[in-house]
Amino acid sequence: MRLMENLRIALEGLRANKMRALLTMLGIIIGIAAVIGILTVGDGLSNTITSQMSSFGASTISISLQQKTNQLDMSDLSAMMVQPEDDDLITDDMVEEMLSRYGADIEAVGLTESVGSGQVRDGRLYANVSVSGVNDGAFTINDVDLQAGRFLQQQDCDGERNVCIVSDRLVQNLFAGDTQAALGSEISVQLSSDRVRLRIVGIYTYKASAFTISTASDKDLSTALYIPVTTAKRLTGAADGYSYFTVMAAAGTDSTALGTQISNFLNRYYRNNDDFRVSSMSMESVIESVDSMMSKLSIAISVIAAISLLVGGIGVMNIMLVSVTERTREIGTRKALGATNGDIREQFVVESIIICLVGGIIGILLGALLGYVGSSLLDAPSLPSLGSIALAVGFSLAVGVFFGYYPANKAAKLDPIEALRYE
């Protein structure tokens, strides 16, 4: 009952001095709004980045050659840029051994060989392409959406066939969007120094990457053109073997653990190699690292923004001290009528908490609005989480208690006779 009475007195005091109360709350409002806004924008960015990275396949693992650390000389740049020799590369036999060992945990293996940029021309019609050699597993890993025809198959790689998979954008440019006319047709691709003729066996739907920014028009846009990886190696003159490849873990398999097992298995072949070893990196671990980094960054910035809460708390303490001075006779009267020191202390602490809590609620609403607008401008619309709202409310209450206790304690210790005499 006493608490309800103190709440009523506190709210009446706020209504009687609206402008003073608002100015007192301003520091709390700004601090809470800044924290909520920053956490909201940070959550939106973090969710967007992780979802975009997940679109590349959260279960994918990059297996690559890495120079041994005991061979690195940080003062010698040329030593740090040593390229693997033909004998250093991961061979097809190694990949086959890996599959026979961990095949049950592997959904697909992607082998790639970059050929370079080029252009497909047919009279005045043209399409820009980026030619890549791949195996059949690369389409599963890269989540390529087949629109017509078929994907590249193992026999295409075994026979080093001059076949290709092209995008629907290329079909639009060269065949006016007629997929049936494009399938089975031969195209001539002009690379930097060579011209190669390829037969179209499949058409995929082009999807823009979230991490690629292009200012080219739809007509001039460069899209991927896939050929068998062995055909790519023949065109580039590259040695048999790979400096890196990609593995997709099967459903329910821990990709990070699988990557470690694969790298340990392949490193058996590199025990006597003085320069290189095999390392692995799972997309799942990268996503976790990015998410952790974004969370820490948001918290660090929020802590800086929360300094304004300290300023707001000092403002609350100042106005409560003024309130104690203004209401000295009232305090003396209450004590004369039987109010204890605890009653007076509770009255002023509750008033301080109400000021901070109301300011905190206004700050949460303002912060949510600013956070949503800010995250929307970054194409990552987000609303504050329940955790951040609970944190803001708790912080508001803590500020109210901490900065309200000293003035409340001062009021409680006033001598009732001296208080009644106060003018």
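What you see is a predicted model; the values in this text were computed from it and never measured.

With that settled, consider the sheet that holds strand 1 (residues 60–67). Spatial ordering of the open sheet is given by 2-10-1-11, a layout of 4 strands whose pairing is antiparallel. Every other strand in the sheet has two partners, leaving strand 2 (106–110) and strand 11 (276–282) as the edge strands with one partner each. Averaged over all adjacent pairs, the angle separating strand axes in this sheet is 25 degrees, with direction ignored. By the bridge criterion, 7 bridges tie strand 1 to strand 11 in an arrangement that is antiparallel.

This next bit is on the layout of surface pockets. Of the volumes computed, that of the second largest pocket is approximately 460 Å³. If you trace the second largest pocket, you find 20 residues lining it, with Asp 92, Leu 111, Gln 154, Thr 230 and Tyr 242 closest to the centre.

Considering all chains together, one arrives at 6 salt bridges under this definition. Across the pair Asp 156 and Arg 150 runs a salt bridge, and its minimum N-O distance is 2.8 Å. For Asp 156, a relative accessible area of 0% corresponds to the buried category. The network of salt bridges with shared partners includes Arg 150, Asp 156 and Arg 161.

Turning to the side chain of Asn 409, a few remarks are in order. Within the secondary structure, Asn 409 is located in helix 15 (residues 386–412). Side-chain polar atoms of Asn 409 contact the side chain of Arg 345, separated by 3.1 Å.

Moving on, we get to the environment of Leu 23. Inspection of the secondary structure puts Leu 23 in helix 2 (residues 18–54). Between the C-alpha atom of Leu 23 and that of Gly 312, which follows or precedes it by 289 residues, the distance is 9.6 Å.

We now examine the nonpolar core. Ile 28, Ile 32, Ile 344 and Phe 348 are the most contacted members of the largest nonpolar core, which has 32 residues in total. Going through the elements one at a time, helix 2, helix 12 (307–326), helix 14 (341–377) and helix 15 are the ones with two or more residues in this core. The greatest single-element share of this core, amounting to 9 residues, is contributed by helix 14. Apart from residues no more than four positions distant in its own chain, Phe 348 is found in contact with Met 320, Ser 323, Val 324, Arg 327, Ile 331, Ala 408 and Ala 411.

Note that predicted coordinates carrying low pLDDT should not be read in detail. Mean pLDDT over the chain: 82, with 89% of residues reaching 70 or higher. Across the chain, the element-wise mean pLDDT spans from 50 in helix 3 (residues 77–80) up to 95 in strand 6 (residues 163–167).

Among the surface-exposed residues, Leu 366, Leu 369, Leu 370, Tyr 372, Val 373, Leu 377 and Leu 383 lie close enough to one another that they form a single nonpolar patch of about 710 Å² accessible area. Examined against the element boundaries, Leu 370 turns out to sit in helix 14.

This part covers helix 13 (residues 328–336). Note on helix geometry: an α-helix contains 3.6 residues per turn, so any two residues three or four positions apart are oriented the same way. The complete set of buried residues in helix 13 reads Thr 328, Ile 331, Gly 332 and Lys 335. Taken around the axis of helix 13, the buried residues stretch over an arc of 100 degrees, which confines them to a single face.

Not every positive phi belongs to a glycine, and Asp 143 is a case in point at roughly 55 degrees. For Asp 143, a relative accessible area of 48% corresponds to the partly exposed category. Residue Ala 176 is not a glycine yet carries a positive backbone phi of 55 degrees. Here Ala 176 is to be found in the loop between helix 7 (168–175) and helix 8 (179–182).

So, how was this worked out
Residues numbered from 1 in each chain as written. Predicted model: local features only at pLDDT ≥ 70, side-chain atom pairs only at ≥ 80, totals over all residues. Heavy atoms only, no water. Pairing = 2+ DSSP bridges. Helix = DSSP H or I, 4+ residues; strand = E, 2+ residues; numbered from the N terminus. Axes fitted to C-alpha atoms, helices over the stretch in contact; angles between N-to-C directions. 1 Å grid on protein atoms, 1.4 Å probe; cavity = no way out; pocket = protein on both sides within 12 Å on 5 of 7 lines; lining within 4 Å. Points joined across faces, edges and corners; volume = space filled by probe spheres on them. Salt bridge = Lys/Arg side-chain N within 4 Å of Asp/Glu carboxyl O. Buried < 20%, exposed > 50% of the residue type's maximum accessible area, 1.4 Å probe, protein only. Polar contact = N/O pair within 3.5 Å; in protein donor to acceptor, adjacent residues only side chain to side chain. Core = buried A, V, L, I, M, F, W, Y, C linked by side-chain atoms within 4.5 Å. Contact = heavy atoms within 4.5 Å. pLDDT = per-residue confidence, 0-100. Patch = residues over 30% accessible without salt bridge, like charges linked within 9 Å, V, L, I, M, F, W, Y side chains within 5 Å. Areas by Shrake-Rupley, 256 points an atom, 1.4 Å probe, with all protein chains shown as cover. Arc of directions from axis to C-beta.

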